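What the coordinates show
Each chain is listed here by its residues.
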Amino acid sequence: MKIAIINANVFNGIDEQLQRNTSLLIEDNVITQIGNVNPVNADKIINAHGQTVMPGLMDAHVHITMSAPFHELDKMTREEIAIRSAKIAEGMLMRGFTTVRDVAGNTLGLKNSIDQGYATGPRILPSQAAISQTCGHSDYRQSQAQQRIGAHEDSPLMKTGAFTVADGRSGVLKAVREQLFMGASQIKIMAGGGASSTFDPLDTLQYTLDEMKAAVEAAADYGTYVAAHIHTADAMRRAAEAGVMSFEHATIMDDDIAKIIKDKGIYVIPSYFTSSLIAERKIPLGDEVLYQKTERVGKAMFKSAELIKKYDIQNVCFGTDCVGTLDVHKTQSNELQAIEKVFDSITALRMVTSNCGRLFEMSTYQHPYQQGKLGVIAEGAYADLLIIDGNPLEGVECVTNSEKQKLIMKDGVVYKNTL
Ligand SMILES: [Zn+2]
């Protein structure tokens, strides 16, 4: 199947200028030609009418299986969680997100179902279970607090493969290898206190240097890398020393760690929209401890953005950390406008396209999509693209407005076309 897209302006995911009045040829699921396409040779012609072709959006921090507060998920069967997850994945694709990285959740089955056409959704790079130390950010046995003395029963949520607990070098090695065996593209660990958990203060350091090195080694032996949930500068210093390459949240930076992040090329995945909502107490958290923690994190994240600018850290990616119901996930695109306010349009656009593509390439042969590049419009890239009524470089609103999002294509297949 050959599809020609004609009369297009192209934002390629990288350049600050549009490539004007050009054409693209898509053969099956790959872009094979940009410019001078003779539409006569195509099976189908899409006339973009001078609108903008850009890469499909990418979200580097999602939790597709977490479609409800944890205490509610704990009561659901695996089937219920799976069906809800499929609906959430479909919503992501229909918002224009063609690839996402899931960073805690048993998503391999959903990923395979989508890839094989049994469900509709974005490409998924699964991390499988996030790995936490005992008494770490995702030691979710706390929902059974009465059992914590003596008993070591997993919570139902842990049994579904969203989280796992491992300690010591050998325990961490095994936990990482278990996730790789389950199809993880990259490994997610919890490397410090969290804002969404009641019992671990933000300033706690989680995992010793040696344990974190064990995680990095086991991942590297499989060609991939470790992403860490992390908030404080001290935790980031330890994780950087261990070789962790993706800092999730990375909220409370100082100059020293910002320099280290820049020098080592570590990726940073902040979430400005969700953080500001939480900091403004617009999302009910129930517990006052959580409000205090998230308020601190929410404010710090904007200060750290200044350090990202000061040290010209380019490896910054779009990540929403949306957790919850369909309604919460509908806010996914709002992050793009939040980023535009903090940085600018081109930075926001690179973060949601080519920067994520680069980050995901660190999975090397664990990357599930090996046929082409992701996050760019280029010859040899996957045909994952949007046609937008407007110039995104002049403001990202047109990218997130579903009426201006005229066409959504993933893997060469059109999922929406209102051109
Ligand atoms: Zn998260």
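Predicted model, so just to flag it, every value in this text is computed and none were measured. (Residues numbered from 1 in each chain as written. Predicted model: local features only at pLDDT ≥ 70, side-chain atom pairs only at ≥ 80, totals over all residues. Heavy atoms only, no water.)

**Section: the domain arrangement of the chain**
Quick reminder of the rule: Domain segmentation is taken from an automatic or database assignment of domains. A contact between two residues is defined here by any heavy atoms of the two lying within 4.5 Å. Buried area is calculated as the accessible area (1.4 Å probe) missing from two parts once they are joined, with the contributions of both summed.
Partitioning the chain into domains gives domain 1 (2-56 + 373-417) and domain 2 (57-343). The gap between the C-alpha centroids of domain 1 and domain 2 is 31 Å. On the domain 2 side, the residues contacting the 20 residues of domain 1 number 17 residues. For the domain 1 and domain 2 pair, buried surface summed over both sides reaches about 1,500 Å², with 65% attributable to carbon and sulfur atoms.

**So, the packing of helix α5 (residues 168-181) against helix α6 (residues 209-221)**
Relative orientation and spacing of two packed helices are given, respectively, by the angle between their axes and the distance between those axes. Note the following rule: What counts as an axis is a line fitted to C-alpha atoms, over the stretch in contact for a helix, and the angles between N-to-C directions run from 0 to 180 degrees. Numbering of helices and strands runs from the N terminus, with a helix taken as a DSSP run of H or I at least four residues long and a strand as a DSSP run of E at least two residues long. Should an angle fall under 35 degrees it is called roughly parallel, over 145 degrees roughly antiparallel, and 65 to 115 degrees roughly perpendicular, with every other angle called oblique. Take the far helix as the reference: if the near one is turned anticlockwise from it by less than a right angle, the crossing is left-handed, and if turned clockwise, right-handed. Polar here means any residue outside two lists: the nonpolar Ala, Val, Leu, Ile, Met, Phe, Trp, Tyr, Cys and Pro, and the charged Asp, Glu, Lys and Arg; Gly therefore counts as polar.
Where α5 contacts α6, the two axes come as close as 8 Å, and the packing angle between them is 30°. With respect to α6, the axis of α5 lies roughly parallel. Relative to α6, the crossing made by α5 is right-handed. On α6, the residues touching G168, R169, V172, L173, V176, R177 and L180 of α5 are D210, E211, K213, A214, A215, E217, A218 and A219. Looking at the contact of α5 with α6, its residues break down into eight nonpolar, one polar and six charged.

**Considerations on the environment of A184**
Let me state the cut-off plainly: In this scheme, a residue with accessible area under 20% of its type's maximum is buried, one over 50% is exposed, and one in between is partly exposed, where area comes from a 1.4 Å probe on protein chains only.
Within the secondary structure, A184 is located in the loop between α5 and β11 (187-190). Looking at A184, the relative accessible area reads 0%, which means it is buried. C-alpha of A184 to C-alpha of G91: the two residues are 93 residues apart in sequence and 23 Å apart in space.

**Examining the coordination of the zinc ion**
Put simply, the test is: Coordinating donors are taken as N, O and S atoms within 2.8 Å of the metal, stretched to 3.2 Å for Na, K and Ca; because water is absent from the atoms, sites can appear incomplete.
At this site the zinc ion is bound by H61 (NE2), H63 (NE2) and D321 (OD), with donor distances of 2.1 to 2.2 Å. Counting gaps between the donor residues of the zinc ion yields the pattern H-x1-H-x257-D. Here H63, found in the loop between β6 (57-62) and α1 (70-73), pairs with D321, found in the loop between α10 (288-310) and α11 (326-329); they are 258 residues apart in sequence, far enough to count as distant. Judged on exposure class, the residue H63 and its partner D321 are both buried.

**Notes on the packing of α6 against helix α7 (residues 233-242)**
Axis separation between α6 and α7 bottoms out at 8 Å; the angle between their running directions is 45°. By the angle between their axes, α6 is oblique relative to α7. In the crossing of α6 with α7, the sense of the turn from one axis to the other is right-handed. On α7, the residues touching L209, M212, K213 and V216 of α6 are R238, A239, E241 and A242.

**Observations concerning the pattern of salt bridges**
This is how it is decided: The working definition used for a salt bridge is a side-chain nitrogen of Lys or Arg within 4 Å of a carboxyl oxygen of Asp or Glu.
Applying the stated criterion to the full structure yields 18 salt bridges. Between D234 and R237 there is a salt bridge, with the nearest N and O atoms lying 2.9 Å from each other. A residue pair is termed a helical-turn pair when its members lie 3 or 4 positions apart in one helix, as D234 and R237 do in helix α7 at three residues. One salt bridge connects D327 with K330, and the closest N-O pair in it is separated by 3.3 Å. By the burial criterion, D327 is exposed, and K330 matches it. Taken together, the salt bridges that share partners define one network made up of D234, R237, D254 and D256.

**Describing the packing of aromatic side chains**
Inclusion rule: Pairs were defined over the aromatic rings of Phe, Tyr and Trp, the Trp ring being its six-membered one, requiring ring centres within 6.5 Å. Orientation was assigned from the angle between planes: stacked under 30 degrees, edge-to-face over 60, tilted for the rest. Comment: the charge-over-ring label is applied if NZ (Lys) or CZ (Arg) is within 6 Å of the ring centre and within 35 degrees of the ring normal.
Per the stated rule, a full pass over the model turns up three aromatic pairs. Residues F97 and F318 carry aromatic rings whose centres are separated by 5.6 Å and whose planes lie at 35° to one another, so their mutual orientation is tilted. Separated by 221 residues along the polypeptide, F97 in strand β7 (residues 97-102) and F318 in the loop between α10 and α11 bring together distant segments of the chain. Note on F97: relative accessible area 1%, which makes it buried. Ring geometry for Y272 against F302: centres 5.5 Å apart, planes inclined by 40°, an arrangement best described as tilted. In this pair, Y272 is assigned in helix α9 (residues 272-279) and F302 in helix α10, connecting sequence segments 30 residues apart. Given the relative accessible area of 1%, Y272 is considered buried. Put simply, the rings of Y272, F302 and F343 touch in pairs and so form one group of aromatic residues. Its end group placed over the ring of Y369, R123 keeps NZ or CZ at 4.9 Å from the ring centre. The ring of Y382 carries the charged tip of R123 above its face, separated from the ring centre by 3.9 Å.

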